[in-house]
Amino acid sequence: MTTVRQRRVEKGTEAAGDHQPSEEKNVKPDGKILSDHTGGKLWNILSITVGGIVAISLGLLTSVYVATLHENDLWFSNIKEVEREISFRTECGLYYSYYKQMIQAASIQQGLHGLVYDNKTESVRTINILERMNVYQEVFLSILYRILPIQQYLEPVYFYIYTLFGLQAVYVIALYVTSWLLSGTWLSGLLAACWYITNRIDTTRVEFTIPLRENWALPFFAVQIAAITYLLRTHLQPVQEKLTLMAIFIATFLFSLTWQFNQFMMLIQALALFILDCFDMLPTAKVTWLYIIQISGLLLVCVLQFFNSMILGSLLISFNASVLIARTIQKNLKKGGLLNRLGKLILHVLLVLCLTLLINKFIKKILNLESDEHIFKFLKAKFGFGATRDFDANLYLCEEAFGLLPLNTFSRLSDTLLFYVYVFVLFLMTLAAVIVAFRNLSGSNPVQFMEKMEECTITLKPDAAYNLIHTVLFGCLALSTMRMKYLWTSHMCVFASFGLCSTEVWKVILKCIHLYTSQRMHAIKYSIPIIALLYISHKFWPGIMDELSELREFYDPDTVELMNWIKSNTPNTAVFAGSMQLLAGVKLCTGRTLTNHPHYEDKNLRERTKQIYQIYAKRSPEDVYRILRSFGTDYVILEDSICYERRHSRGCRLRDLLDVANGHIMDGLGENEPDLKPSLYPRFCEEIKKNLPSYTIHFTRVFQNKTFHVYKLAKHK
């Protein structure tokens, strides 16, 4: 059991305006430029320079902040190498092991060969790691470490974690720039960055899950959103548009390359584009380019991952292709009156939906693809479309990370005023979007009720419209699945700060209550964000300082003892079975061969894991021995924390999931489904400790401590 114990220690002002080109009224009839036009240009240049410096400074400060928290929490610079590696828990340890493997290889070519023909991650199988997992970032980083003259000054582990902490700077800068682009003032970006930092618990988890794929991917996703926001601005020059499309493609490609869930995130993004395009709120040509970029970026990743079938069978490719086909079929989609447009729109949506399902079904049939079926089983059970006894689906359903977003998240976000401002801005922008969408569908000049509101005519720019739908859809995702909240909360900072610093928002509000003047609007636009910044600084700066001064130490002696024993007392070719989470650490710390691991996006691996987990079920010693030996197992590690689990309630403990999947009655008081029957055998992980002859003939205990029990399997002829 890992614990973090207390470490034993011996005794600005900004007022930037919009950066839009000056209006033609600043030019005299004879063509001479007025002096205030020159002054305005100089002010814009100064504002952009200062805003850029602030953005870079905040990004670097965020990197230093999370790096310091990581060091203070674990005393990373002082603990042993094995303890550093153990701190990379579950799948984090698995991903980092490939970086370590590439570093330790005799040559880059040999390291790559070891990844393409890997026989240590899954026993009795040779798999292509570059095809199965998103580890190109580890490959690139290891090659960079080998060729740069830094080996004498920087350990490989520090090069790795500093790169991830450095990406946090990119992340914060991208959020800052997005908010700046939307509002026209870098004060908005400053507020977004401050909210991101003060809400760190809900916006990032990089300091304690460093190698997690999302920590690589989300900075590139934020860059992509910033680039899309810029692309959707009006009056871009052709060169600017081409460069922006290139930036979007690169960011999309890197995002897709670094995270296995990329296709699902981009599907939500494609849905946002589809909704806005249907209501004529985005330029169709730009939307088409974005669809094409998504498909091409994903296909390029597919090629690099040796034509990974899960990518080819993704819903994103099917959906985007369907939209482009349907648009070709329905050429007059955006013509006609309100009822005519609504009828065409409903038909268009149905056509896209049917085409998506048909194309996806066809691709999966051709490729015989079943790698992602566990995700759809999980979604089906999660949203109440029938109970399931599927082991894999229940494994996800019982994890807190895949449950609903806890309500205390909103109280934490409200402490910084973020949630209150977000809801306020979201309400106003949603109202504006509904009015604009209705006006667009009506296909005529302001309708009757709009004429009554002529004084506060509502408009919604394409970049703001995109970010509105983006935050709504990712908000729905976060509310339904807690693990995905980091996609929403970071954008929440952007959206709330944009609304608070938006000229359009305050202009409409003041006009509707008949209090609008240009001076009053600008006073509110700048004063309220500054007040918010002062409040945040006053309330949270002391807490951040206390957090940075709190020193702790990594402490997990049982796991350290286990890893040291494995390295000293087992051959390099030994095969270990156990829980997915622990085995990832075994591979990283000892280099031994595994039977299973936490990267769950493969049907054969899921079936294998379920079989290995029979060590925690009610099965006979002969059955368990036969299963383990079928995977070439030499040693099996049993964990008391799983065998006697109390973290989950009855029905969600791993042993309960196995009992139900095997058709057995669960332990403890409580109801059981009527068709479940008592098992003929006791629970294996409990009974083996009694050293009964029926167990000792197959299993010999060779190591134990307070947490782990290691048994060596007999090799019967």
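Residues numbered from 1 in each chain as written. Predicted model: local features only at pLDDT ≥ 70, side-chain atom pairs only at ≥ 80, totals over all residues. Heavy atoms only, no water.

As recorded in an unreviewed UniProt entry, the protein goes by the name Putative C-mannosyltransferase DPY19L3, listed as coming from Pelecanus crispus. Comment text from UniProt for the protein, heading Subcellular location (unreviewed entry), reads "Membrane". Per its UniProt entry, the protein bears the Sequence similarities (unreviewed entry) comment "Belongs to the dpy-19 family." (UniProt positions renumbered as here; feature names shortened; annotations may be inferred.)

> Could you clarify how one ought to interpret the pattern of salt bridges in this entry?
Note that side chains of opposite charge can pair when their charged atoms are close. Applying the stated rule across the entire model yields 31 salt bridges. Of the charged contacts in the structure, one is a salt bridge between Lys100 and Glu85, with a shortest N-O distance of 2.9 Å. Taken together, the positions of Lys100 in helix H3 (residues 90-104) and Glu85 in helix H2 (residues 81-86) put the pair 15 residues apart, joining distant regions of the chain. Summarising the burial analysis for this pair, Lys100 and Glu85 share the class buried. Taken together, the salt bridges that share partners define one network made up of Lys618, Arg655, Asp659, Asp667 and Arg683. (Salt bridge = Lys/Arg side-chain N within 4 Å of Asp/Glu carboxyl O. Helix = DSSP H or I, 4+ residues; strand = E, 2+ residues; numbered from the N terminus. Buried < 20%, exposed > 50% of the residue type's maximum accessible area, 1.4 Å probe, protein only.)

> Would you mind going over the state of the cysteines with me for this structure?
In a disulfide, the sulfur atoms of two cysteines are held together by a covalent bond. For the structure on display, the rule yields 2 disulfides. Sequence-ordered numbering of the bonded cysteines in the protein yields a pairing of 1-3, 2-4. Not part of a disulfide, Cys501 finds its nearest cysteine sulfur in Cys194, a span of 11 Å. By relative accessible area, Cys501 is classed as buried at 0%. (Disulfide = S-S within 2.5 Å.)

> Would you mind showing me how to read the confidence of the model for the protein here?
Confidence in the prediction of the protein, expressed as mean pLDDT, is 90, and 92% of residues score 70 or more. Low pLDDT, under 50, characterises residues 9-34; the stretch is placed with 37 contacts to residues that sit more than four places away or in other chains. With pLDDT under 50 throughout, residues 445-456 is counted as low confidence; its partners more than four residues away or in other chains account for 13 contacts. (pLDDT = per-residue confidence, 0-100. Contact = heavy atoms within 4.5 Å.)

> Sorry if this is basic, but what is going on with the domain arrangement of the protein here?
Many descriptions give the size of an interface as the accessible area lost when the pieces come together. Taken domain by domain, the protein consists of domain 1 (163-549) and domain 2 (557-713). Taken over C-alpha atoms, the centre of domain 1 sits 42 Å from the centre of domain 2. At the boundary of domain 1 with domain 2, the tally comes to 2 salt bridges. Linking domain 1 to domain 2 there are 2 residue pairs in polar contact (both at pLDDT 80 or more). Put simply, the parts of the chain that give the side of domain 1 that touches domain 2 at least two residues each are helix H17 (373-382) and helix H18 (391-397). By residue number, the principal contributor to the side of domain 1 that touches domain 2 is H18, which donates 5 residues. (Domains from an automatic or database assignment. Polar contact = N/O pair within 3.5 Å; in protein donor to acceptor, adjacent residues only side chain to side chain.)

> Is there a simple way to think about the pairing of strand E7 (residues 708-713) in this case?
Side-chain positions along a regular strand alternate between the two faces of the sheet. Among the 6 residues that make up E7, 5 are buried, leaving the element largely enclosed by the rest of the structure. Bridging between strand E5 (residues 635-639) and E7 involves 5 bridges; their strand directions are antiparallel. Residue pairing for E7: Val636 is matched across the bridge by Tyr711. As judged from the 5 bridges shared by strand E6 (residues 699-704) and E7, these two strands associate in the antiparallel manner. When the bridges of E7 are listed, Phe699 appears paired with Leu713. Hairpin connection between E6 and E7: a loop of 3 residues separates the two successive antiparallel strands. (Pairing = 2+ DSSP bridges.)

> Before we go on, may I ask you to explain a nonpolar patch on the surface in this structure?
A grouping of Leu300, Val303, Leu304 and Phe307 is seen on the molecular surface, where their side chains present a nonpolar patch of about 340 Å² in accessible area. Looking at the element boundaries, Phe307 is found in the loop between helix H13 (284-304) and helix H14 (309-312). Classification of Phe307 as exposed rests on a relative accessible area of 55%. (Patch = residues over 30% accessible without salt bridge, like charges linked within 9 Å, V, L, I, M, F, W, Y side chains within 5 Å. Areas by Shrake-Rupley, 256 points an atom, 1.4 Å probe, with all protein chains shown as cover.)

> Where do I start with the packing of helix H24 (residues 503-512) against helix H25 (residues 518-549) in this structure?
Packed helices, taken two at a time, are described by their axes: the angle between them and the distance between them. Direction vectors running N to C along H24 and H25 enclose 125°, while the axes themselves pass 10 Å from each other. The orientation of H24 with respect to H25, classified from their angle, is oblique. Judged by the twist between their axes, the crossing of H24 over H25 is right-handed. In this structure, H24 contributes Thr503, Trp506, Lys507 and Leu510 to the contact, and H25 contributes Arg520, Met521, Ile524, Lys525 and Ile528. (Axes fitted to C-alpha atoms, helices over the stretch in contact; angles between N-to-C directions. Parallel < 35°, antiparallel > 145°, perpendicular 65-115°, else oblique. Left-handed = near helix turned anticlockwise from the far one by under 90°.)

> Just checking my understanding: could you explain the side chain of Arg655 for this structure?
Locating Arg655 in the fold gives a position in helix H31 (residues 654-661). Only 3.1 Å separates the side chain of Arg655 from the backbone oxygen of Cys643, close enough to count as a polar contact. Here Glu645 takes part through its backbone oxygen, which lies 3.4 Å from a polar atom of the side chain of Arg655. Residues in contact with Arg655, not counting those within four places in the same chain, are Tyr616, Ile642, Cys643, Tyr644, Glu645, Asp667 and Arg683.

> Hey, could you run me through helix H28 (residues 603-612) in this one?
Given 3.6 residues per helical turn, the α-helix brings residues three or four places apart onto the same face. For H28, every residue scored as buried is listed here: Leu605, Arg606, Arg608, Thr609 and Ile612. For H28, the arc enclosing every buried residue in end-on projection is 165°, short of the 170-degree limit, so these residues lie on one face. Of the residues flanking the start of H28, the one acting as N-cap is Asp602, its side-chain oxygen 3.2 Å from the backbone nitrogen of Asn604. (Arc of directions from axis to C-beta.)

> Where do I start with the packing of helix H10 (residues 213-231) against helix H22 (residues 462-480) in this structure?
Here H10 crosses H22 at 145°, and the two axes come no closer than 9 Å. Residue-level inspection shows Phe221, Ile225, Ile228 and Thr229 of H10 in contact with H22, the latter providing Asp463, Tyr466, Asn467, His470 and Phe474. Considering only residue class, the contact of H10 with H22 consists of 5 nonpolar, 3 polar and 1 charged. (Nonpolar A, V, L, I, M, F, W, Y, C, P; charged D, E, K, R; others polar.)

> I'm lost on the UniProt feature "transmembrane region" (unreviewed entry) in the protein in this one. Help?
When the UniProt feature table is mapped to this numbering, "transmembrane region" (unreviewed entry) covers residues 42-67, 157-175, 180-198, 218-236, 243-261, 297-325, 345-363 and 417-438. Split by type, residues 157-175 is 100% helix and 0% strand. Its first and last C-alpha atoms lie 28 Å apart. Taken as a whole, residues 345-363 contains 100% helix and 0% strand, while its terminal C-alpha atoms sit 27 Å from one another.

> Just checking my understanding: could you explain the side chain of Ser414 for this structure?
Considering the arrangement of structural elements, one finds Ser414 in helix H19 (residues 408-415). In contact with Ser414, other than residues within four places in its own chain, are Phe419 and Tyr420.

> Just to check I follow, could you spell out the packing of aromatic side chains for this structure?
Describing an aromatic ring pair means giving the distance of the ring centres and the angle of the ring planes. The full count for this structure, using the stated rule, is 32 aromatic pairs. Judged by centre distance (5.8 Å) and plane angle (85°), the ring pair of Phe76 and Tyr158 falls under edge-to-face. In this pair, Phe76 sits in the loop between helix H1 (35-74) and H2 while Tyr158 sits in helix H7 (residues 156-183), placing the two residues 82 residues apart along the sequence. Of the residues examined, Phe76 reaches a relative accessible area of 0% and is grouped as buried. Aromatic pair Trp565 and Phe703: ring centres 5.4 Å apart, planes at 35°, arrangement tilted. Residue Trp565 is found in helix H26 (residues 557-569), and its partner Phe703 is found in strand E6; the two are separated by 138 residues along the sequence. By relative accessible area, which is 15% here, Trp565 ends up buried. Joined through ring pairs, the aromatic side chains of Phe76, Phe88, Tyr96, Tyr99, Tyr158, Tyr160, Tyr162 and Trp216 make up one cluster. Looking at Arg84, its charged tip hangs above the ring of Phe76, at a distance of 5.3 Å from the centre. (Phe/Tyr/Trp six-rings, centres within 6.5 Å; stacked < 30°, edge-to-face > 60°. Lys NZ or Arg CZ within 6 Å of the ring centre and 35° of its normal.)

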